Amino acid sequence: WLLKTEGRNFNIIDGKEQLIFARKIQQELKIKDLSVGMVLNEVKLAKNNLIFVDEFFDLYAGDETMERIGGFYRAYEESKSSKMLYDFEDLLLETYRLLSEDSSVREKYQSTFKHLMVDEYQDTNPAQFEIIKLLADNSDGSSLFCVGDDCQSIYAFTGASVSNILNFKGLFPGSHEFILNLNYRSTPQILTACQNLISHNQRKIDKELRTDNKDGDDVIVIEAATEEDEALLIANEINDLCTRKGYPLKDIAVLYRANFQSRFLEECFSQQNIPYQIQNGLGFYQRREVKLLLDYLTLISTPDSDEGDEALASIINAPNRYISRKFIGELQQYANDAKIHMFAALKQIPIDTPFVRHNVKEFIRFFQPLIDEADILEPALVIGQIRSNLDYDRFVTDDDIPSPDDQKIQNIEQLVLAAARYDNIEPFLDYTRTFKSKSSSNKDGVQLMTIHRAKGLEFPVVFVVGLVENIMPSKRGDIEEERRICFVAISRAKDLLYLTYPTVYLGQPASRSIFIDEIRD
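Caption draft 1: Inspection of the environment of Arg453 at higher detail. Here Arg453 is to be found in helix H23 (residues 451–454). The sequence separation of Arg453 and Gln407 amounts to 46 residues, and the corresponding C-alpha distance is 16 Å.

Caption draft 2: Spatial organisation of the packing of helix H14 (residues 288–301) against helix H19 (residues 379–389). Their axes nearest at 11 Å, the elements H14 and H19 cross at an angle of 110 degrees. With respect to H19, the element H14 is oriented roughly perpendicular. Viewed along their axes, H14 and H19 form a crossing whose handedness is right-handed. For the pair H14 and H19, the contacting residues are Leu293, Tyr296, Leu297 and Ile300 in the first and Pro379, Val382, Ile383 and Ile386 in the second. Looking at side-chain class alone, the contact of H14 with H19 contains eight nonpolar, no polar and no charged residues.

Caption draft 3: View of the environment of Gln332. Turning to its location among the elements, Gln332 is positioned in helix H16 (residues 325–338). Between the C-alpha atom of Gln332 and that of Asn259, which follows or precedes it by 73 residues, the distance is 36 Å.

Caption draft 4: Up close: a nonpolar patch on the surface. A contiguous nonpolar surface patch, about 300 Å² in accessible area, is contributed by Met117, Phe145 and Val147. Relative to the assigned elements, Met117 resides in strand E3 (residues 115–118).

Caption draft 5: Looking closely at the side chain of Gln26. For Gln26, the position within the fold is in helix H2 (residues 15–29). The exposure class assigned to Gln26 is buried, which follows from its relative accessible area of 5%. Residues in contact with Gln26, not counting those within four places in the same chain, are Ile31, Leu34, Ser35, Val36, Val39 and Phe72.

Criteria and cut-off values
Residues numbered from 1 in each chain as written. Predicted model: local features only at pLDDT ≥ 70, side-chain atom pairs only at ≥ 80, totals over all residues. Heavy atoms only, no water. Helix = DSSP H or I, 4+ residues; strand = E, 2+ residues; numbered from the N terminus. Axes fitted to C-alpha atoms, helices over the stretch in contact; angles between N-to-C directions. Parallel < 35°, antiparallel > 145°, perpendicular 65-115°, else oblique. Left-handed = near helix turned anticlockwise from the far one by under 90°. Contact = heavy atoms within 4.5 Å. Nonpolar A, V, L, I, M, F, W, Y, C, P; charged D, E, K, R; others polar. Patch = residues over 30% accessible without salt bridge, like charges linked within 9 Å, V, L, I, M, F, W, Y side chains within 5 Å. Areas by Shrake-Rupley, 256 points an atom, 1.4 Å probe, with all protein chains shown as cover. Salt bridge = Lys/Arg side-chain N within 4 Å of Asp/Glu carboxyl O. Buried < 20%, exposed > 50% of the residue type's maximum accessible area, 1.4 Å probe, protein only.

What follows is the structure, given as structure tokens:
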């Protein structure tokens, strides 16, 4: 709004359009071994930290990889500028530039907005902070009011800086701090758990949480043998809470650190006929990287079926084979006219364009042997062939060297674990199809969500699951940020809080999270 008001003319570039734009620049610079997502994320973090192109090169001098990203950063900015394009980070960056460099514009908005209020201040990044500082006029009659909780600063991965709230009094001399430490949500036992946990952070604003709520139950810790056992114990406890204590299902939330952890819960709840809702997300078997692999298996198992036709249309360009929608439409029409299914039609249809003809032949060459032996193939092994022969992991992650910690890779690994229970493809597909008929969006069911999705919400009963080392805390995360993430999770609970963990995780021995011991101090 401010930039448009001040006469800036631009269009926003984001989403798929931004990826295509960035990939073209990478090709021009011959950057082939860095994923476009990773490169764009580094540029995004730089902008959110007010690191301009020249400073980027100074900061990473001698780091070959980052210098190449710096070259992309420069070309990306120049190309956007020539086309009058801004990305979302530019909205902050250009606002900062305008306010810092043009005193008349700055004074105009200082006089227009005499009183500033910033909510969720703990999640501001350096660019947002500097804009706030520029707008905050220290003259008489003006004020700045910020609300936040340093214990709930959990967005460092997007560029948020907890230092903005930790150093507030030093950054705004003469400011007054009001600590609102009376909690109206949770029982004393849950608050004690929160206090015990966060006390282990060195960088924090000291405050003692208190409540006038009546005593409740102690925090319950459940140890399970495996993730399957963990999900079953949770399901049994939920059934007991509903039948014996009268809790509605919608009053119960199950929180996890990462999306891939939902599979065991979804499968168990479905088997136990416990309705559930995935908050702002897809059920496990509907996630793209999982669904595409199931479509591959469907085509292999039943090529001469309507389901096989749907699967072929879904996967023929996954990975990209440069086959147009027009060709797919022509293939469907050819199949209809010949009264055959689409895979059979693919082997017969005349194709004039050489590269399309070549790609279709390669597609058939890969699938035909698998289709011929579909009855004796193990689904987990077929998924392995698809991943290796078609470079599938690289396709779904858009990363030349996919990280095993990538959420999509972890979802695929969960699918492999599920498939390994079956000796044949069709029984496995029959099992996964049961989830299409079961609702994962029942608003009156148990609420399943990541901890980040749960921020700002509250529930009478909360289960925090998968509390093992390298998951929570994540092996990649800053330990104090991870502890704040756990704090957000357990502080969602009003009446009852459960902490659960398996001793074997993803087939490997697992150590109980240090956070459980800290909570029970």
